[in-house]
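Descriptive analysis of the structure
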Amino acid sequence: MPYIDLSVTLDDDTPVYPGDPPTQIEPAGTMEREGWTDHRLTTGNHTGTHIDAPLHMIAGGKTLGQIPLGRFIGRGRLIDVRQGFTLQTVQSADIEPGDIVLFYTGMNAHYHEPVYFETYPVMSAEIAQYLIEHKVKLAGVDASSVDNTEDFPVHKQLLHGGVLVAENLANLDQLVGKDFTVYALPIKLDIDAAPARIIAEIN
């Protein structure tokens, strides 16, 4: 079965959300000097493709380390929202409990442009509530955030309702019209978020 990588590459050129620390990768050992290769990585835990845990926005919320592994794997549902988020589009997506819902905004095409962090579509409170009521495991977007206001209402609503959040996805165009399973496994960090390698297995 083919696999599609839904993750961006984490390197010195990875764009970061305004105010977040940049990624730096520096040699810590070289073949010529030490006889082996090693690197020092410095990055923010919300950089690149990553998963947010409830603690990101909720005082006393669960960390990633407290989330069962099964919550990161599930049937994928792709929803094309390039023309905008609408509740009707989400309702027609045949969402079932335990699904991982990915929203194809098309913003990944602008990943290295300022507009990526400035003008992007986000879901409404109505849509977030629909995902919560249908017991979705995770909601992901190929954009910098599920919010575009400083108080982060959609983050808070989803995470409080038990829906994890994945941001900065890639290659969602390759999932159009396909049935797939999502594996969204974050680095094992017991904190509020972590970079993740997220892939889709075409069924």
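Topic: the nonpolar core
Judged by nonpolar contacts, the single largest core of 33 residues is most densely connected at Ile79, Val90, Ile95, Phe103, Met123, Leu131 and Leu158. Sorting the residues of this core by element identifies β6 (100–104), α2 (125–133), β7 (138–141) and α3 (153–160) as the ones contributing at least two each. Per element, the largest residue contribution to this core is five residues, and it comes from α2. In contact with Ile95, other than residues within four places in its own chain, are Arg75, Ile79, Val90, Val101, Tyr130, Leu131, His134 and Val136. In terms of nonpolar packing, the next biggest core, distinct from the first, is built from 24 residues, Phe72, Ile100, Ala196 and Ile202 among them.

Some thoughts on the packing of aromatic side chains
Counted according to the given criterion, the structure contains four aromatic pairs. Ring centres 5.1 Å apart and planes at 90° place the aromatic pair Tyr111 and Tyr116 in the edge-to-face group. By the burial criterion, Tyr111 is buried, and Tyr116 matches it. An angle of 90° between the planes, with centres 5.1 Å apart, marks the rings of Tyr116 and Phe117 as edge-to-face. Residue Tyr116 shares its accessibility class with Phe117, and that shared class is buried. Cluster of aromatic residues (ring-pair linked, three or more members): Tyr17, Tyr111, Tyr116 and Phe117.

Some remarks on the side chain of Lys137
With respect to the helices and strands, the residue Lys137 is situated in the loop between α2 and β7. One buried charge, Lys137, has no salt-bridge partner; the nearest side chain with opposite charge is Asp99, at 8.0 Å. Excluding residues that lie within four positions of it along the chain, Lys137 makes contacts with Gly70, Arg71, Ile73, Gly74, Gly98, Asp99, Ile100, Gly162, Val163 and Leu164.

Remarks on the pairing of strand β10 (residues 193–202)
Most of β10 sits inside the fold, with eight of its 10 residues counted as buried. Relative to β10, strand β1 (residues 3–5) is paired through three bridges, and the arrangement is antiparallel. Within β10, the position partnered with Ile4 by the bridge is Ala200. Of the pairings in the sheet, the one linking strand β9 (residues 180–186) to β10 comprises seven bridges and is antiparallel in character. The partner of Leu185 across the bridge, within β10, is Arg197. Here β9 hands over to β10 after six residues, the two strands then running antiparallel side by side.

Quick notes on the packing of α2 against α3
Relative to each other, α2 and α3 sit at 15°, their axes nearing to 9 Å. With respect to each other, α2 and α3 are oriented roughly parallel. Between α2 and α3 lies a crossing whose hand is right-handed. Contact with α2, carried on its side by Ala125, Ala128, Gln129, Leu131 and Ile132, involves Val154, Gln157 and Leu158 of α3 and no other residues of that element.

The rules behind each value
Residues numbered from 1 in each chain as written. Predicted model: local features only at pLDDT ≥ 70, side-chain atom pairs only at ≥ 80, totals over all residues. Heavy atoms only, no water. Core = buried A, V, L, I, M, F, W, Y, C linked by side-chain atoms within 4.5 Å. Buried < 20%, exposed > 50% of the residue type's maximum accessible area, 1.4 Å probe, protein only. Helix = DSSP H or I, 4+ residues; strand = E, 2+ residues; numbered from the N terminus. Contact = heavy atoms within 4.5 Å. Phe/Tyr/Trp six-rings, centres within 6.5 Å; stacked < 30°, edge-to-face > 60°. Lys, Arg positive; Asp, Glu negative; His and termini not counted. Salt bridge = Lys/Arg side-chain N within 4 Å of Asp/Glu carboxyl O. Pairing = 2+ DSSP bridges. Axes fitted to C-alpha atoms, helices over the stretch in contact; angles between N-to-C directions. Parallel < 35°, antiparallel > 145°, perpendicular 65-115°, else oblique. Left-handed = near helix turned anticlockwise from the far one by under 90°.

Read these as spatial facts, not as claims about activity.
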